[in-house]
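Understanding the architecture of this molecule
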Amino acid sequence: MLGGVPRDVLLRPLTRSEVLSVMLRLTVFGAATYYSIKWVVETLDPTQKQKSQAKERSEKLMKQIGVERASLNEYETNVATHLVDPRSIKVTWRDIAGLDDVITEMQDTVILPFQKQHLFQGSRLLQPPRGVLLYGPPGCGKTLIAKATAKASGCRFINLQASTLTDKWYGESQKLTAAVFSLAVKLQPCIIFIDEIDSFLRNRSSLDHEATAMMKAQFMSLWDGLETGANTQVMVMGATNRPQDVDPAILRRMPTTFHVGLPNTAQRQQILRLILSGENLSRAVNLSELAEQTDGYSGSDLRELCREAAMYRVRDYVHMQDMRQIVQQLQLDDHDDEPEEDAQLRPVSQVDLLLGLEKMRESKLATVAAKLGEESLD
Ligand SMILES: Nc1ncnc2c1ncn2[C@@H]1O[C@H](COP(=O)(O)OP(=O)(O)OP(=O)(O)O)[C@@H](O)[C@H]1O
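Residues numbered from 1 in each chain as written. Predicted model: local features only at pLDDT ≥ 70, side-chain atom pairs only at ≥ 80, totals over all residues.

1. With respect to helix H5 (residues 100-115)
The criterion, for reference: Two axes define the bend at a residue: one fitted to the seven residues ending there, one fitted to the seven starting there, and the bend is the angle between them. Put simply, DSSP H or I for four residues or longer makes a helix, DSSP E for two residues or longer makes a strand, and each gets a number counted from the N terminus. Counting other C-beta atoms within 10 Å of its own, a residue is labelled buried from 20 upward, exposed at 12 or fewer, and partly exposed in the gap between, with every C-beta atom placed from the backbone. C-beta atoms are placed from the backbone for every residue, and two residues are taken to be in contact when these atoms lie within 7 Å.
Most pronounced at Gln107, the bend in H5 amounts to some 35°. Listed in full, the buried residues belonging to H5 are Met106, Val110, Pro113 and Phe114. Those residues of H5 hidden inside the fold are in contact with helix H6 (117-120), strand S2 (131-135), helix H7 (142-153), strand S5 (234-240) and strand S6 (256-259).

2. So, the site of the ligand
Just so we agree on the cut-off: As used in this record, a residue near a molecule or strand is one whose C-beta atom, placed from the backbone, is within 6 Å of it. Each residue gets one of three labels, nonpolar for Ala, Val, Leu, Ile, Met, Phe, Trp, Tyr, Cys and Pro, charged for Asp, Glu, Lys and Arg, and polar for the others, Gly among them. These domain limits were set by an automatic method or by a database of domain assignments.
Around the ligand, the surrounding shell holds 18 residues, and the nearest of these are Pro138, Gly141, Thr143, Gly299 and Ser300. Elements with a minimum of two residues in the shell around the ligand: H7, helix H13 (265-275) and helix H15 (299-330). Residue composition of the shell around the ligand, by class: nine nonpolar, seven polar and two charged. Both domain 2 (51-259) and domain 3 (265-377) contribute no fewer than three residues apiece to the shell around the ligand.

3. What to know about the environment of Ala213
Structurally, Ala213 can be placed in helix H11 (residues 210-228). Linking Ala213 and Leu201, residues twelve residues apart in sequence, is a C-alpha distance of 9.5 Å.

4. So, the confidence of the model for the protein chain
This is how it is decided: Per-residue confidence from the prediction method is given by pLDDT, with values spanning 0 to 100.
When pLDDT is averaged along the protein chain, the result is 83, and 88% of the positions lie at 70 or above. Confidence scores differ between elements of the protein chain, with helix H1 (residues 7-11) showing the lowest mean pLDDT of 72 and H13 the highest of 96.

5. Quick look at the pairing of S2
Where we set the bar: Any two strands with at least two DSSP bridges between them are considered paired.
The buried fraction of S2 is high, at five of five residues. Both faces of S2 are covered, namely the face carrying Gly131, Leu133 and Tyr135 and the face carrying Val132 and Leu134. In this sheet, S5 lies alongside S2 in parallel orientation, the contact comprising five bridges. Looking across to S5, one finds that Gly131 is bridged to Val236. Both S2 and S6 contribute to a ladder of four bridges, which runs parallel. Of the residues in S6, the one forming a bridge with Leu133 is Thr257.

6. Details of the domain arrangement of the protein chain
One can read the domain layout of the protein chain as domain 1 (7-44), domain 2 (51-259) and domain 3 (265-377). Tallying the contact residues gives seven residues for domain 2 and nine residues for domain 3. When its residues are assigned to classes, the side of domain 2 that touches domain 3 shows four nonpolar, three polar and no charged.

7. Let's talk about the packing of H5 against H7
We count it as follows: Axis definition: a line fit to C-alpha positions, over the contact stretch in the case of helices; interaxial angles, taken between N-to-C directions, run 0 to 180 degrees. In a left-handed crossing the near helix is turned counterclockwise from the far helix by less than a right angle, and in a right-handed crossing that turn is clockwise.
Close contact between H5 and H7 brings their axes to 10 Å; oriented N to C, the two are set at 40°. Where H5 crosses over H7, the handedness of that crossing is right-handed. Within the contact between the two elements, H5 uses Val102, Met106, Val110, Ile111, Phe114 and Gln115 and H7 uses Ile145, Thr149, Ala152 and Ser153. By residue class, the composition of the contact of H5 with H7 is seven nonpolar, three polar and no charged.

8. Focus: unusual backbone geometry
For the bond running from Gln188 to Pro189, omega is 5°, close enough to zero to count as cis. Within the secondary structure, Pro189 sits in the loop between helix H9 (172-187) and strand S4 (190-195). The phi torsion at Glu196 lies on the positive side, around 50°, for a residue other than glycine. With respect to the helices, strands and loops of the structure, Glu196 is situated in the loop between S4 and helix H10 (197-200).

9. Notes on the sheet that holds S6
Strand order in the open sheet made by the six strands is S1-S3-S4-S5-S2-S6, with mixed pairing throughout. A single partner strand is all that each edge strand has here, and the edge strands are strand S1 (83-84) and S6. Together, S2, S5 and S6 form the strand contacts of H5, whose direction differs from that of S6 by roughly 165°.

And the structure:
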């Protein structure tokens, strides 16, 4: 190939400008190769679109919570898409009824350390808890309390879904787990909230996938790492319906626990009053009677009962309108200039509420029957 080039030209040393020119060409060639390969890899990466969407979303959320110019790696960006702006949370303590004791305790043990950090410094005994667990049956207000806590504390709030960490390729879970803690530290004061923590950090068993076991171990060690930074304001808050299924090692890291149980009669009456507070109620409504009759009902059941009750008057109204139209059509000529009827819904009555209760009972019985049926088939 170089046959035509005279031997002395090949052997003579390169001049300074030739060396520079070769180096320049090599640099340009190297850069072109690097960017071409990067472009091909990015084009072929099926998750590229999700990644750029995550970046956009996390940048927007970070801006909303007042953090600009924080440099986040790819995994922290992914976790940042689960950030919640406390100002956007609608739930306040006033939206929770019958749980005054839990709220007071939450304010003292969780919110106070965030708000009055200086009082808690310098004493190992007064260190705020690194982990808090809310437990109790479904629909009794755990999520409401977590949201109101985030709002009242003004902390940044990472609402972590178990699937964010678990449904990932091997190795990705660990990088995301590390990112949860590093992001929380960057954004502190911060609460990492994990709903249904039992499904995520459940009892370890020999059947656990190796990656899951490693992720759990890593989660715990990063959690312990929070202890070493005395001024670190990061807390993990978990909620579960099944505390017995949570890994005991995790439970030990959540020494502050709040039981949010089924409401008693007085609490049910308070919840009913709160749920119906914006409604037009008939004077004859007796919430104490309803509270007596709803033993075993959660706050969420009571809300559903009230929703049903409120619907009866809407249905009545629609039926009434239909009837009126039929009558009007029949008597069209005679009643041409009759005044328009009142377009208001009637107040919610005690009968509506009792009918709502009846409907709830039926649906609860049907659910129990279906469950028993499933069990007998197993
Ligand atoms: N104490 C309460 N005061 C007012 N509303 C309540 C209360 N408890 C439950 N509710 C109503 O029930 C709904 C569900 O409550 P929430 O999601 O907090 O329950 P949860 O305990 O987190 O349930 P799950 O374990 O199923 O997530 C609330 O949105 C609210 O309407």
